[in-house]
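Residues per chain are reported as follows:
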Amino acid sequence: MVKPGTPDTSGIPAFAVFLLAMLALLWGLNWPVMKLSLAEYPPFVFRAVAGLSAAVGLFALARARGLPLRVPRAEWKGLIIVSVLNMSVWNIAVLYGVDLMESGRAAILAYTMPLWASLTGAWLVKECLSGRSMIALGLGLVGMGLLFFGDERALSGGPLGPALVLFAAIAWGSGTAAVKYFGFSIPVTVLTGWQQLLGAVPIALIAGVWDYQHMPESVSFWPTMGLVYNMTITGIFCYWAYFNVVTMLPVVVSTVGTLMVPVMGVVFDAMIFGTVPGLVDYAALAAVVSAVFLVMTRRRR
């Protein structure tokens, strides 16, 4: 087994496969969970509480393992850049976007992220895109395009929601490539904690000045459980797992490997909100699964 943070040159590490499987389940579930929570919690308040709580949890885990929290002075600029892209822009654009469209469809559109990550990675990190990787990217994006444009449900709520989610995908993809580019020396747990904290600060300021005014007098049980889920499972484990995968694998592999997340997002959306998958959904599922198979079974070097 390859230790977290160690680049692999002989195939996909088993640990990375395990983390990608967990991300598919837990991040996939989070799309309808977010929509459920946003029915009562204002987006900036929701994200500020979840981000700050996740940062505290990650720092506590790092200290329990004896890891230093200090960031080298030369790495602060890169850390601020990736925090804004991966946390601030991504989370707020997604929260407003998912509130304006079906959560399953929002998850699929958000996972055009591999395209933006691969293009940015090819420019920043000088990673060559193999023919197999390009086919995988193409299949994944075809699957997403089918669910976004393939039937009468596409753009049914207007263009603003999809535009925000697409903007979020570009920010997240660019931020993922930037993590590889800056090559941080701090442990992944500490890196993720700092990203959560720095990304949540501007969100918390806006929440404190403006968005808190939209809080209802009381909130119900399940939206609150959704917030707790984001404070713990999503904010701590999922981001820790994702940045572990990013450090272990090339950008295109780590991002295409997460394409099962929107598939599970569609499944959980159907289970929670009663949306019924159709022929377009199943065709997209086949395309995305094929993309994941191609990238996860690439030849060993």
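This text goes with the structure placed above it.
Values in this document were obtained by computation on a predicted structure and should not be read as measured data.

(A) Representation of the nonpolar core within the structure. Judged by nonpolar contacts, the single largest core of 81 residues is most densely connected at Trp27, Trp31, Trp90, Tyr111, Tyr242, Val256 and Leu259. A per-element tally of this core places helix α9 (residues 221–248) first, with 12 residues. With sequence-adjacent residues up to four places away left out, Trp27 is seen in contact with Met22, Tyr111, Trp172, Thr234, Cys238, Tyr239, Tyr242 and Val261. Among the nonpolar cores identified, the runner-up in size contains 6 residues, and Val45, Ala48, Ile92 and Ala207 belong to it.

(B) Just the packing of aromatic side chains, in detail. Counted under the stated rule, the structure contains 18 aromatic pairs. Between Phe44 and Trp210 the ring centres are 6.1 Å apart and the planes differ by 75°, which places this aromatic pair in the edge-to-face class. In this pair, Phe44 is assigned in helix α2 (residues 43–64) and Trp210 in the loop between α8 (188–209) and α9, connecting sequence segments 166 residues apart. Put simply, the rings of Trp27, Trp31, Trp90, Tyr111, Trp172, Tyr239, Tyr242 and Phe243 pair up and form one aromatic cluster.

(C) Quick look at the side chain of Asn30. With respect to the helices and strands, the residue Asn30 is situated in helix α1 (residues 14–38). Of the residues examined, Asn30 reaches a relative accessible area of 4% and is grouped as buried. Within the local environment of Asn30, its side chain forms a polar contact with the side chain of Asn230, the two groups lying 2.9 Å apart.

(D) Looking closely at a nonpolar patch on the surface. Residues Phe221, Trp222, Met225 and Val228 make up a contiguous nonpolar surface patch of about 420 Å² in total accessible area. If you trace the backbone, Val228 turns up in helix α9. Owing to a relative accessible area of 35%, Val228 belongs among the partly exposed residues under this scheme.

(E) View of the environment of Leu67. Within the element layout of this structure, Leu67 appears in the loop between α2 and α3 (76–98). The class for Leu67 is buried, based on a relative accessible area of 16%. Taking C-alpha positions, Leu67 is 7.6 Å from Pro187, a pair spaced 120 residues apart along the chain.

(F) Molecular detail of α2. The end-to-end C-alpha distance of α2, which contains 22 residues, comes to 31 Å, matching closely the 32 Å that a straight helix rising 1.5 Å per residue would cover. Positive phi appears at Gly66, one or two residues downstream of α2, with a value of about 75°.

(G) Seen up close, the environment of Ser103. For Ser103, the location among the structural elements is in helix α4 (residues 103–110). On the accessibility criterion, Ser103 (0% relative accessible area) is buried. The spacing of Ser103 and Val33 is 70 residues in sequence and 8.8 Å in space, taken between C-alpha atoms. Of the polar contacts made by the side chain of Ser103, one reaches the side chain of Asp269; its length is 2.4 Å.

(H) Up close: the packing of helix α7 (residues 160–182) against α9. Where α7 meets α9, the closest approach of the two axes is 9 Å, and the angle between their N-to-C directions is 55°. The angle between α7 and α9 places the two elements in the oblique class. Crossing of α7 over α9 shows right-handed handedness. Between α7 and α9, the residues in contact are Trp172, Thr176, Val179 and Lys180 and Tyr242, Phe243, Val246 and Thr247, respectively.

(I) Looking closely at helix α11 (residues 260–273). Taking 1.5 Å of rise per residue, 14 residues should cover 20 Å, and α11 covers 20 Å from first to last C-alpha, within 8% of that figure. When we look at burial in α11, the residues that qualify are Val261, Pro262, Val263, Met264, Gly265, Val266, Phe268, Asp269 and Ala270. Gly274 lies just past α11 and shows a positive phi near 80°.

The rules we used
- Residues numbered from 1 in each chain as written.
- Predicted model: local features only at pLDDT ≥ 70, side-chain atom pairs only at ≥ 80, totals over all residues.
- Heavy atoms only, no water.
- Core = buried A, V, L, I, M, F, W, Y, C linked by side-chain atoms within 4.5 Å.
- Buried < 20%, exposed > 50% of the residue type's maximum accessible area, 1.4 Å probe, protein only.
- Helix = DSSP H or I, 4+ residues; strand = E, 2+ residues; numbered from the N terminus.
- Contact = heavy atoms within 4.5 Å.
- Phe/Tyr/Trp six-rings, centres within 6.5 Å; stacked < 30°, edge-to-face > 60°.
- Polar contact = N/O pair within 3.5 Å; in protein donor to acceptor, adjacent residues only side chain to side chain.
- Patch = residues over 30% accessible without salt bridge, like charges linked within 9 Å, V, L, I, M, F, W, Y side chains within 5 Å.
- Areas by Shrake-Rupley, 256 points an atom, 1.4 Å probe, with all protein chains shown as cover.
- Salt bridge = Lys/Arg side-chain N within 4 Å of Asp/Glu carboxyl O.
- Expected span 1.5 Å × (residues − 1).
- Axes fitted to C-alpha atoms, helices over the stretch in contact; angles between N-to-C directions.
- Parallel < 35°, antiparallel > 145°, perpendicular 65-115°, else oblique.
- Left-handed = near helix turned anticlockwise from the far one by under 90°.

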